[in-house]
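One letter stands for each residue in the lines below.
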Amino acid sequence: MTLSAARTLPPRRAAWLLAALGALGAFVLYLSPPRQLWILPACPIHAATGLYCPGCGTARALHALLRGRLAEALDANLLLVAMLPALAGLAVLLFVDAVRDNRVRELRLPSWAAFGFVAVVTVFTVLRNLPDSLPMLGWVSYLAP
C-alpha cells in the first residue's frame, strides 16, 4: 500500500467533511460581510485588469442570500444566483450518492451542455464589462458587481 492510498478518505467521510466545511463557511459568511473577511482576497483578475470576471461579486451575493436579500444578491452576481438551484441540486445528488453508496458519481455532461455553459459564462463576462455609455446597452451596467 502506498502512502497516498493510505491517506485517501472514503467518499462517505469526504462528503461529510466537505458538508461540514461548507456549513462552517456559510456560517462565517453569514456573520461577516465579505469585505470585512481577511480570508477573502480581492479578485486578482479585477485588480490586475480592471475587468470583472464571472466570479466577481460571488461572496457578496452568497452573503446577501444567506441574509435573505435576493435583490442585493442579484445585483452582486446575477449569473451565480440564476445557477445556484442547479449547483445546489448537483451538490445534494453527489452528497447523497457518497453517503448512501460510499461512491463518487461519475458526471457525464453532454458536449452541447458544456458548450452552452461556456457560452453563457462568456457572454455574461463580456456584457458585464461593456461600458454604460453604449447606446441601447445601458442596461448591461446592472450586470457589473
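All values derive from a computational prediction rather than experimental measurement.

Cut-off values and rules
Residues numbered from 1 in each chain as written. Predicted model: local features only at pLDDT ≥ 70, side-chain atom pairs only at ≥ 80, totals over all residues. Heavy atoms only, no water. Helix = DSSP H or I, 4+ residues; strand = E, 2+ residues; numbered from the N terminus. Contact = heavy atoms within 4.5 Å. Areas by Shrake-Rupley, 256 points an atom, 1.4 Å probe, with all protein chains shown as cover. Lys, Arg positive; Asp, Glu negative; His and termini not counted. Charge placed at Lys NZ, Arg CZ, Asp CG, Glu CD. pLDDT = per-residue confidence, 0-100. Polar contact = N/O pair within 3.5 Å; in protein donor to acceptor, adjacent residues only side chain to side chain. Phe/Tyr/Trp six-rings, centres within 6.5 Å; stacked < 30°, edge-to-face > 60°. Lys NZ or Arg CZ within 6 Å of the ring centre and 35° of its normal. Buried < 20%, exposed > 50% of the residue type's maximum accessible area, 1.4 Å probe, protein only. Salt bridge = Lys/Arg side-chain N within 4 Å of Asp/Glu carboxyl O. Patch = residues over 30% accessible without salt bridge, like charges linked within 9 Å, V, L, I, M, F, W, Y side chains within 5 Å.

*Asks:* Before we go on, may I ask you to explain the overall build of the chain in this structure?
*Replies:* Within the chain one finds seven helices and zero strands. By principal-axis analysis of the C-alpha atoms, the chain measures approximately 65 × 40 × 30 Å. Sequence-distant contacts in the chain: of pairs separated by 6 or more residues, those separated by 24 or more amount to 52%. Element-wise, carbon and sulfur atoms account for 71% of the exposed surface of the chain, whose accessible area totals about 10,200 Å². When the 12 basic and 6 acidic side-chain charges of the chain are each reduced to a single mean position, those positions are 9 Å apart.

*Asks:* What's the story with the confidence of the model for the chain in this structure? I'm lost.
*Replies:* Predicted coordinates in areas of low pLDDT are best not read in detail. A residue-level look at the chain finds 90% of positions with pLDDT of 70 or above and a mean pLDDT of 86. Of all helices and strands in the chain, the one with the weakest mean pLDDT is helix 1 (residues 3–6) (52), whereas helix 5 (residues 70–76) scores best (93).

*Asks:* Help me understand the environment of Arg 12 in this model?
*Replies:* Tracing the backbone shows Arg 12 in helix 2 (residues 11–31). As for Arg 12 and Arg 100, which are separated by 88 residues in sequence, their C-alpha atoms are 7.7 Å apart. Residue contacts for Arg 12: discarding those within four places in its chain leaves Ala 98, Val 99, Arg 100, Asp 101 and Asn 102. Of the polar contacts made by the side chain of Arg 12, one reaches the backbone oxygen of Val 99; its length is 2.7 Å.

*Asks:* Mind showing me how you'd approach the packing of aromatic side chains here?
*Replies:* Aromatic rings considered in pairs are described by the distance between their centres and by the relative angle of their planes. This structure, assessed with the given rule, holds one aromatic pair. Consider the rings of Trp 16 and Phe 95, whose centres lie 4.9 Å apart with planes at 85 degrees: the pair is edge-to-face. On the criterion of sequence distance, the pair formed by Trp 16 in helix 2 and Phe 95 in helix 6 (residues 78–101) is long-range, its members being 79 residues apart. Here the basic side chain of Arg 67 rests over the ring of Tyr 30, its NZ or CZ set 4.2 Å away from the ring centre.

*Asks:* I keep staring at unusual backbone geometry and nothing clicks. Help me out?
*Replies:* Among all residues except glycine, the phi angle is most often negative; among peptide bonds, the trans geometry is most common. The phi dihedral of Asn 102 is positive, around 55 degrees, even though this residue is not glycine. Relative to the helices and strands, Asn 102 is located in the loop between helix 6 and helix 7 (111–128). Classification of Asn 102 by relative accessible area gives partly exposed; the value is 31%.

*Asks:* Can you help me understand the pattern of salt bridges in this one?
*Replies:* A pair can form between side chains of opposite charge whenever their charged atoms are brought close. This model, assessed by the stated rule, comprises seven salt bridges. With a closest N to O distance of 3.0 Å, Arg 100 and Asp 97 form a salt bridge. Here the residue Arg 100 and the residue Asp 97 both occupy positions in helix 6, the gap between them amounting to three residues, near one helical turn. The class of Arg 100 is exposed, set by a relative accessible area of 53%. With relative accessibility at 1%, the residue Asp 97 sits in the buried group. Among the ionic pairs, Glu 106 bridges to Arg 108, the shortest N-O distance being 3.0 Å. Among the ionic contacts, a cluster of salt bridges with common partners joins Asp 97, Arg 100, Asp 101, Arg 103 and Arg 105.

*Asks:* Could you clarify how one ought to interpret a nonpolar patch on the surface in this entry?
*Replies:* A grouping of Leu 9, Leu 17, Leu 18, Leu 21, Leu 24, Phe 27, Val 28, Tyr 30, Leu 31 and Leu 66 is seen on the molecular surface, where their side chains present a nonpolar patch of about 920 Å² in accessible area. Ranked by residues supplied to the nonpolar patch, first place goes to helix 2 with eight residues. Its location among the elements puts Leu 17 in helix 2.

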